[in-house]
Every structure is written in C-alpha cells, then in structure tokens.
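Coordinate inspection notes
Here is how the chains run, residue by residue.
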Amino acid sequence: MPDAAPADRVSHPDLANAVRALAMDAVEKAKSGHPGLPMGAADVATVLFTKFLKYDAADPSWPDRDRFILSAGHGSMLLYALLHLTGVEGMTIEELKRFRQLESKTPGHPENFMTPGVETTTGPLGQGIAASVGFALAERMLAAEFGPEIVDHFTYVLASDGDLMEGVSQEAIALAGHLRLNKLIVLFDDNGISIDGPLSLSDSVDQLKRFEAAGWRAMRVDGHDPDAVARALRRAQKSDRPTLIACKTIIGYGAPKKAGTSKAHGEPLGAEELAGAKAALGWNGAPFEVPEAVRKAWARAGRRGRRERTAWQERLNALAPERRAEFERRIRGEVPAALAKAVSELKARLLSEPQAVATRKASEMALEVITDAVPELVIGSADLTPSNNTKTKNLTAVSPASYAGRYIHYGIREHGMAAAMNGIALHGGFRPAGATFLVFSDYARPAMRIAALSGIPAIYVMTHDSIGLGEDGPTHQPVEHLAALRAMPNMRVFRPCDAVETAECWQLALERTDGPTVLALTRQSLPQLRRRSGEGNACARGAYEISPAEGKAQATIFASGSEVEIAVEAQRVLHERNFPVRVVSVPSLELFLAQPDPIRREIIGDAPVRVAVEAAVRFGWDALIGEKGIFIGMKGFGASAPYKDLYKHFGITAEAVATEVLRTHNL
C-alpha cells in the first residue's frame, strides 16, 4: 500500500491502483468475476472521474449530471469501486465484499435497479453503447426544449472490443453519427483480448476508420498515460461530432503472468497472482484496505460537481413556476392529468361515430390527441412510418439541424431503436415509443429484455400482427411472437380489437411506469365492436366480457385483437342455433392472469365449454381454457395470399369456431 501522504500529494497511480486493488480483492473474495478490465481501464476511468465528470456523489440522480455508462458490464467492479470511492451512499466497503452475492448492491453485471449510481443495466455486450445513443439524444432534445442553462451535460461510455463486435453497435454508431450527437464520448478499452485469446483470432476491423465512416471523430491514445487521455477528452468535449477515443490498454495491468492474456478476463487471479500484481503496483496491506489519503482524494473527486449542482439548482429555481413544475414532473416521470381526459373525449367521439379501421390506424387516431396531452411522448419508427402510422400531424422530425422535434427516424435499425429507447427513458424527461412490424420484434428483443428486466417504461408499436397482413407471406407473418413476448417477465402485451380498445391500451401503456409495453396492431380493417360507454378503462383488467350471452351461457369464447370480430360472429351463428355463448375480449392475457383470483373467476365464468381464438400459436392460452379447451388458431407458419383467404385456409373462421363449440358440447 502506498505510504500515508497528504491528500494533495496523492498521485494518479495511487488513485488508479485503489480501483485496481478493490476490483482484484472483490473478485478474489467472490471466487467469480472479471478482474482484467478494471485493472486495464483503471487509468482511463480515474482521469474521467477525477478531472472531467460533472458529478456529485451526494446526489447521483441529479438531472444535469454527466452520464457514465459501463457498456463493458462484465467489468462491473470498476464501476462499483468508483461509486464506493467517490462516496455514493450505500456503496459501502461491505457491499464490495458482497460482490456477486444475493441481494447485494454489487451484482455480477451492473443493474440500474439494484445499485445507486448505475445509469443503465449492462452486461449483454453492445447494449450499453447502444443505449448511450438514447441518453445523448435525450440530452440534446431536452436542452432544445428547456434550454442549455437547465440541460447541458455529456454522456461518456466505456466500451470493450466485444461491445464493438456486436452488430447492434453498428446500428448505434451510425445513428449517433448521423444525428451528430457531439456530447457523446466513447472510451474504447482497446486491449486486443477476448475470451478465446488475442482479438486477431476473429477480428481485424480498424475501429477508428469504422467510426470515422459513420460520422464520428476518432483518435487513439495510450490508455495508461493519464495526460494523453486527458488531452483526448478535452478535444472530444469541443468536437462537433460524437467522439471515439481508442485507449490502448493492457488487460489485467500489473498481473505478473496473466496481464495481456485472456486468463485475466473472466476468472479470479488467484492468491499468488494477486499478490504479485499488488507488489508490482506497489500496493501492500490487507484486502479491501485503502489508505486514508487516497480515500480523501477520491472523496474530493466525488464532490467535484457539487458547486455546479448548486448553481444548476439556483437556475432551475429561477424558472417561471409553471416551466419549472413541468420540467420536474417530466423528470419524475409523472403522467400528465390531461392524458385521461384526452382518451375519454376520444372514446366519446368513437362511440358517437364508430370507426371501422385497422388498429394501426386507430393508434394513429389516438396519437393525434395523446401527443398533445403528453408532451414528453417521443415517437419513432424503424423506417416503417407509413406502415406503422406513428407520425401524427403535430410532430416534427428530429434532425442534426434541430433536436426540437418529437419524431425520430431510426432507419432500418430495430435493435438500435429499442436500445436507444432504453436510454431515452432512463435519461429522464421523455417517454419513448418506437415502431416496427411485430415479426421484427426478434431483431429488437435483446434490448426489449433489458427494458423488462430494468422496469423501463418503453412502448413498442408493433403492427402487422398476424397472418392478417396477407400477401407478404410467412416471413412477415408473426405466429409465435405474441407467445414469446408474453413469456418475457414484466413485458406487457396489448392486442386491441378495435378503435376504442386501442385508445384504452395507449392510455394504459402511458400510465405504466414500471415496465415496457407492446401494442400489437393490425394491418387489416376491423369493425368497432365497442358501442356502449362504460365507466373507466375496460382493458385495465386485461380481459372483459364484450358481448354477453342471451340466456345462460353454454360456452365462453375468448379472443384477442382481430379475432374478437370472429368470436362475435361465431356467437351470432350459435345464437341462431339456440346455443347461447358469451364473448370475452382479452387485450392483454398476462395482465388478466395477474388479476386477483376473484376477478379472474368472474371474467372466465362458469360456462362448461371454453374456446380461445387467436391467429397465433396456442402457447399461453391454456391458463384460460385448460388443456382440454378448444383453440382455434395457428399450428405452424403462415402463407402468402390475401388475408381473407388465409383465415379460411387455416380454419380461423366463425363457422369453424361454432362447429368446434357444438362438437365439444355434444361429446
């Protein structure tokens, strides 16, 4: 351990080695983890945190702080050591000792819902750098709205070779370069090592040229030269484009045998190698021990941004009361009261003038009023705007020339879009909604999973939701996607059956603050089945009786989306045969299944025959109809044909439903 010294005599190596030592000790104690990145990147992170980052550890959620995103989430002990040393409340030495243990604040990979000071959940490579585009874009957009005196900060990212090899990184850097997000700075831990060994085994990309081709400024420095890193950061802060700083580092820096090899990546150093590393770094003493002078110097770094935070608070206080209240509401993520009123008025108009439209068009109708009521709603599409019906008349596009718009053209980048939406939402001040075809949720799924895991209230507008899209055929017809998304914990899927349900589902999506929502919408037109007003939001329980039986019901037909029309027609056919049935619309299967048991029993009812109708696979529906219940839907992939022909071909018709109900009843 370095000799005791006054805080003002603490050197850069002292500060960086404190990070290295804590990371090595925590991984060793856990017998699990990744020491190599924290050891290699400690110099870069120390320069950033002690000289550049606008940050106050006493308030790690201060809205105008600089954001630091550890995209290389496997190196989580780097971040935990920094949060501990700078003085973030709760990040105690005991938490570092509990690295990777149940319910600790130091999980294996950073989780923003577990650890104060963690901006976004990372670990799956590429997610952090892709989300950072959303953080940086949200900063520019919020500054355009509230002014640079309230919003003016940088987004810094520490990314690894693996982050840059993941395909989503290309989507991210292309979008950031196009939008000229000059306050986005990526520090690339360029150590040339992956799990399999030297990076040259699998990759020979010139990352500087790659980023430059995408519209970035790019430079390379010695990542162990603090002055060189500082000079590069100063240049990056003045750039008119996003910047990549490739920091050449040695993975496992200081380890006598494992430094510079894949052996330093993902396993504890071992007692002998750890002792050798500490000796090489001049660091002695017990595990988790940091000299008082070094602690004081790090604590001072954690207070660097306090004066700026105080000055910012004074500027915020000086705003007109209404403007300040609006900013604070948006940062808190509170839903404006105007939303419920706007949806209620829209429903009243629809009930007086019913609309037979595709639910994607019904979504557009809802957005025409919702976007006025919810100014923080930011919408975009992965190059399918005319098909998704997401750009309303009152929205202007975000561009490099103006960040004042509320519509984002993401290009054909579904994964990058979903990841950027995570960043936009986590930054604060906006509610992001992004659109594509439902079948392409596969491209966006890793980022959608991060949203579900982290409780991010993103909204996915997924149109062309079944074989009902018709002639584009099985490559574009989702059959397993509803089930797959419903299976994801904390992902809520809505599939409305008409214009009224669509408006209600948009309201529920925006009112939700603890996780993401999918709106699965049709290409084909549907009749408006809801003709009567009712109290509240009928979709809020996930299911409700949309058409009661005339008499004692002998069967209940459950359906979602476009198949509710088929269920209601089957009810009519059966009524003509003196067989009373009821129809239950199920806009959200998983929301319904989450209701208390008495509500579920009431809605399911006691009819002896239960049927589910959905132009998708059966998976999930047995929770309502049981293993012996009737399912009318898809058993395989679709086909290319006009949609009405497809419904007949696959037996998803009112007559087929009626026939199966009667057959089962007569058994």
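See the structure printed just above.
These notes cover the structure that comes with them. (Residues numbered from 1 in each chain as written. Predicted model: local features only at pLDDT ≥ 70, side-chain atom pairs only at ≥ 80, totals over all residues. Heavy atoms only, no water.)

1. Comments concerning helix α26 (residues 654-665)
Rules: Put simply, DSSP H or I for four residues or longer makes a helix, DSSP E for two residues or longer makes a strand, and each gets a number counted from the N terminus. Given the number of residues in a helix, its expected span is that number minus one, multiplied by 1.5 Å. Each residue's exposure class comes from its accessible area (1.4 Å probe, protein chains only) as a fraction of the maximum for that residue type: buried when under 20%, exposed when over 50%, partly exposed otherwise. Here the arc refers to the directions that run from the helix axis out to each C-beta atom. Contact definition: two residues touch when any of their heavy atoms are within 4.5 Å.
Over its 12 residues, α26 runs 17 Å from end to end, which matches the ideal 16 Å to within 8%, given 1.5 Å per residue. Taken together, the buried positions of α26 are A654, V657, A658 and V661. Along the axis of α26, the buried residues cluster in a sector spanning 95°; they form a single face. Check the buried side of α26 and you find it contacts β17 (555-559), α21 (563-576), β19 (609-613) and β20 (630-632).

2. Thoughts on the pattern of salt bridges
As a reminder, the rule being used: Salt bridge, as used here, is a side-chain nitrogen of Lys or Arg placed within 4 Å of a carboxyl oxygen of Asp or Glu.
Applying the stated criterion to the full structure yields 44 salt bridges. Salt-bridge contacts for K552 lead to D606; the nearest nitrogen and oxygen are separated by 3.3 Å. Linking K552 in the loop between β16 (544-547) and β17 with D606 in the loop between α23 (597-604) and β19, this pair joins segments that are 54 residues apart in sequence. K552 sits in the exposed class, given a relative accessible area of 56%.

3. A closer look at the side chain of Q528
Basically, it comes down to this: Here a polar contact is taken to be a pair of N or O atoms separated by no more than 3.5 Å, where protein atoms must pair a possible hydrogen donor with a possible acceptor and residues adjacent in sequence count only if both atoms sit in side chains.
Positionally, Q528 belongs in the loop between β15 (525-526) and β16. In terms of polar contacts, Q528 uses its side chain to reach the backbone carbonyl oxygen of R530, at 3.0 Å. The residues touching Q528, leaving out its near neighbours within four places in the chain, are L350, L351, P354, Q355, A356, D498, A499 and V500.

4. Considering the packing of aromatic side chains
Defined as follows: Here the aromatic set is Phe, Tyr and Trp, taking the six-membered ring for Trp, and pairing holds for ring centres within 6.5 Å; pairs whose planes are under 30 degrees apart are stacked, those over 60 apart are edge-to-face, and all others are tilted. Only Lys NZ and Arg CZ are tested; either one counts as a charge over a ring when it is within 6 Å of the ring centre and within 35 degrees of the ring normal.
Summed over the entire model, instances satisfying the criterion amount to 11 aromatic pairs. Taking the centre distance of 6.4 Å and the plane angle of 65° together, the rings of F49 and Y55 count as edge-to-face. Using a relative accessible area of 4% as the deciding quantity, one classes F49 as buried. Here Y55 falls in the buried class, since its relative accessible area comes to 6%. Aromatic pair Y643 and Y647: ring centres 6.4 Å apart, planes at 85°, arrangement edge-to-face. Pair noted here: Y643 and Y647 are both in helix α25 (residues 643-649), with a separation of 4 residues, about one helical turn. Looking at Y643, the relative accessible area reads 28%, which means it is partly exposed. An aromatic cluster of three or more residues is present, and its members are W62, F146, W312 and F327. A cation over a ring is seen here: K183 above F154, with NZ or CZ 4.5 Å from the ring centre.

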